[in-house]
Amino acid sequence: MLGRAAFFGDQVVAIFGYPFMTRALIAMAVLALASSVVGFFISLRDLEFVSDGLIHAVFPGLVVGFALAGSAGIIAGAFVAAVLAAVLLTYLMRRSVAGNDAAVAVVLTSLFSIGIVIVSKQENYVSQLEQLLFGRLLTVTDLQLIQIAVVATIAVALVLSTWRRQIFRAFDPVGFLASGNRLHSTELILNIAIAMLVVAGVQAIGNLMVLALLIVPMAFARLVTRRIWLLLPLAFVAPLVSSIFGLWLSFEISVNQQVSISAGALVVVSLLGCYLLALIWYLVRRMIRR
Amino acid sequence: MNALEIANASFGYGAEAALTGINFELKVGESLALIGPNGSGKSTLLKGILGFAALTEGAIRVLGQSPKKARALCGYLPQANTRDTDVPVTTRQVVTMGLFAELGAFKPLGAKTKIRVEQALFRVGLTEQAGELFSELSGGQQQRAILARALVSDPKLVLLDEPFNGLDQPNRDELLETIKTLRSSGTSVVVSTHDLDLAREVCSHVLLLNKKQIGFGEVNKVLTLDLITETFAGATVELDHHTVTTTDELE
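Since this is a predicted model, take the numbers as computed values, not measurements. (Residues numbered from 1 in each chain as written. Chains lettered and ligands numbered in written order. Predicted model: local features only at pLDDT ≥ 70, side-chain atom pairs only at ≥ 80, totals over all residues. Heavy atoms only, no water.)

### Things to note about the sheet that holds strand β4 (residues 54–62) of chain B
Residue and element names in this part refer to chain B.
Next up, step 1: Pairing in this open sheet of three strands is antiparallel, and the strands run β2-β1-β4 from one edge to the other. Across the chains shown, the open sheet's two edge strands, defined by having one partner strand only, are β2 (16–27) and β4. Across this sheet, the average inter-strand angle for adjacent strands is 10°, counted without regard to direction.
Next up, step 2: Alignment of strand β1 (residues 2–13) against β2, held across eight bridges, turns out to be antiparallel. (Pairing = 2+ DSSP bridges. Helix = DSSP H or I, 4+ residues; strand = E, 2+ residues; numbered from the N terminus. Axes fitted to C-alpha atoms, helices over the stretch in contact; angles between N-to-C directions.)

And the structure:
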């Protein structure tokens, strides 16, 4: 049994010795760390739908960046779109122009469709669309890895530098404002941080699946514990373990079965598996307590 | 300097005024009970003092400043439905939040800050619950924790919005003691309440409201049958062994 485990361990280490697998794993580790910090406040503030809105709103930026400068332009385009989308969504939510959810839905669908219109004008548009939507985790380059690390660091820095304000805002917005704190800037900073994490994650696992990275790790952690100091480490470990497992599985299937399956999708499926296990554990624990 | 100076003021949300004709001055160290039926504008006035409700007419100075600038000098206990108990914070962390504006983003919680937090917890009788999750406290204890958060920054003016709603007798007594201590320490207090006896017990002044100012002055001069009847029209209130007919939650 032990010998088998050791063999499996050696095999996994060997697989991650390949440079493209190393880069993929580092990218996912960086994203896991950033998503544990930013995702904490997405979960506390119930900003899951807003995050979805930001993800879709970033899409035209990806497309324009790609159209203008190819893969190298994706991050720059997404960065600009992310900041604009965060400002727009924060403004619409504050003004309650048409209700929070309606405002997000309008921005989400309009900008996403604009992105589709632009990308459909390109040659090989199906292939390009697939890359933008689902990412290419195994082809992350050194340059992209640096870009991911820089943008993820910005997202984390934004949240950490306003940590106290974000906690107070999440707990009691009325008390927060009454204590002389600035509500609008606090909300804008968090929305920009979410958008930055979208930008960071989009090249690795694509525009659509990055939502799982924003939401699932903290949802998993909150099923496991209510201790605030334990939430972040758990929300980091879950996507990290899922990434190792998903990447390993993707490699094994493509080498042994000669079948190409999206590595990003397998990472996300593994993450959802973690969530499912935590959910079962939570429900069983609740039943036992009753 | 006065704690509050309000001259011919109207407050509201958007263009429409929810409360009109407010006109009074409250000196530092005095305490004021806002009394009126549901929807009479008590919470609107408190929000006007904090600058959350718009001043549509007249003038207001809070501790000699505009409401927005004076916020940092005020302690505010909002009604119980404003907090999210899903946020996993302890009682001590909740109280510490009251110092975040002063501490800024990075200043560490030093020994002095920690002492202030412990003192605020002690003032409201929650020392033993300091390490417990806020969500696990009873409703009354949660109110006292939020009051401690409002008091930890040593505010010059404390605003309490329906602090006694839903409290059992022990929690009510604890809160009453805290307000009395605040008064004796020279802090100005404005409290909205339905309870006339309570207003007598802890306040020097009363403001009667029903969409407009019905009366303002020292407790014994304002809590008269005529003014109470004008403020509440319909149901029954006990006042100085007389029965007054009024309409709402005092029933």
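### Considerations on helix α3 (residues 48–69) of chain A
One turn of an α-helix holds 3.6 residues; hence residues three or four places apart share an orientation.
Next up, step 1: The terminal C-alpha atoms of α3 of chain A lie 31 Å apart, and with 22 residues this matches the ideal 32 Å at 1.5 Å per residue to within 8%.
Next up, step 2: The element α3 of chain A is extensively covered by neighbouring structure, given that 16 of its 22 residues are classed as buried. (Expected span 1.5 Å × (residues − 1). Buried < 20%, exposed > 50% of the residue type's maximum accessible area, 1.4 Å probe, protein only.)

### Some words on a nonpolar patch on the surface
Next up, step 1: Residues Phe79, Val80, Leu84, Ile146, Val150 and Ile154 of chain A make up a contiguous nonpolar surface patch of about 520 Å² in total accessible area.
Next up, step 2: Counting only elements with at least two residues in the nonpolar patch, the list comes to α4 (74–95) and α7 (142–160) of chain A. (Patch = residues over 30% accessible without salt bridge, like charges linked within 9 Å, V, L, I, M, F, W, Y side chains within 5 Å. Areas by Shrake-Rupley, 256 points an atom, 1.4 Å probe, with all protein chains shown as cover. Salt bridge = Lys/Arg side-chain N within 4 Å of Asp/Glu carboxyl O.)

### Quick word on the packing of aromatic side chains
All names here are of chain A.
Next up, step 1: A complete count under the given rule lists twelve aromatic pairs over all chains for this structure.
Next up, step 2: Where Phe40 meets Trp163, the ring centres are 5.4 Å apart and the plane angle is 5°; that geometry is what we call stacked. With a gap of 123 residues between them, Phe40 in helix α2 (residues 19–44) and Trp163 in helix α8 (residues 163–171) connect regions that are remote in the sequence.
Next up, step 3: Under the relative-accessibility criterion, Phe40 is labelled buried at 1%.
Next up, step 4: Look at Phe41 and Trp163: their rings are 4.9 Å apart centre to centre, the planes differ by 80°, and that puts the pair in the edge-to-face class. Remark: Trp163 occurs in helix α8 and Phe41 occurs in helix α2; sequence separation between them is 122 residues.
Next up, step 5: Counting every residue linked through ring pairs, the aromatic cluster contains Tyr18, Phe20 and Phe251. (Phe/Tyr/Trp six-rings, centres within 6.5 Å; stacked < 30°, edge-to-face > 60°.)

### Here we look at the pairing of strand β3 (residues 31–35) of chain B
Residue and element names in this part refer to chain B.
Next up, step 1: Burial analysis of β3 places five of its five residues in the buried class, the great majority of the element.
Next up, step 2: In β3, alternate side chains face the same way, and those of Ser31, Ala33 and Ile35 on one face and Leu32 and Leu34 on the other are all buried.
Next up, step 3: Pairing between β3 and strand β7 (residues 188–192): four bridges, direction parallel. What sits directly across from Leu32, in β7, is Val190.
Next up, step 4: In terms of strand pairing, β3 meets strand β8 (residues 205–209) through four bridges, oriented parallel. Bridge pairing links Leu32 to His205 in β8.

### Examining the pattern of salt bridges
Residue and element names in this part refer to chain B.
Next up, step 1: Per the counting criterion, the structure on display carries ten salt bridges over all chains.
Next up, step 2: Between Lys42 and Glu162 there is a salt bridge; the shortest N-O distance is 3.8 Å. Here Lys42 is found in helix α1 (residues 42–50), whereas its partner Glu162 is found in the loop between β6 (157–161) and α7 (169–184), with 120 residues between them in sequence. The residues Lys42 and Glu162 share a single accessibility class, namely buried.
Next up, step 3: Of the charged contacts in the structure, one is a salt bridge between Lys180 and Glu201, with a shortest N-O distance of 3.1 Å. Pair noted here: Lys180 is in helix α7 and Glu201 is in helix α8 (residues 196–202), with a separation of 21 residues, a long-range link.
Next up, step 4: For Lys180, a relative accessible area of 30% puts it in the partly exposed group.
Next up, step 5: Classification of Glu201 by relative accessible area gives partly exposed; the value is 44%.

None of this, on its own, says anything about what the molecule does.
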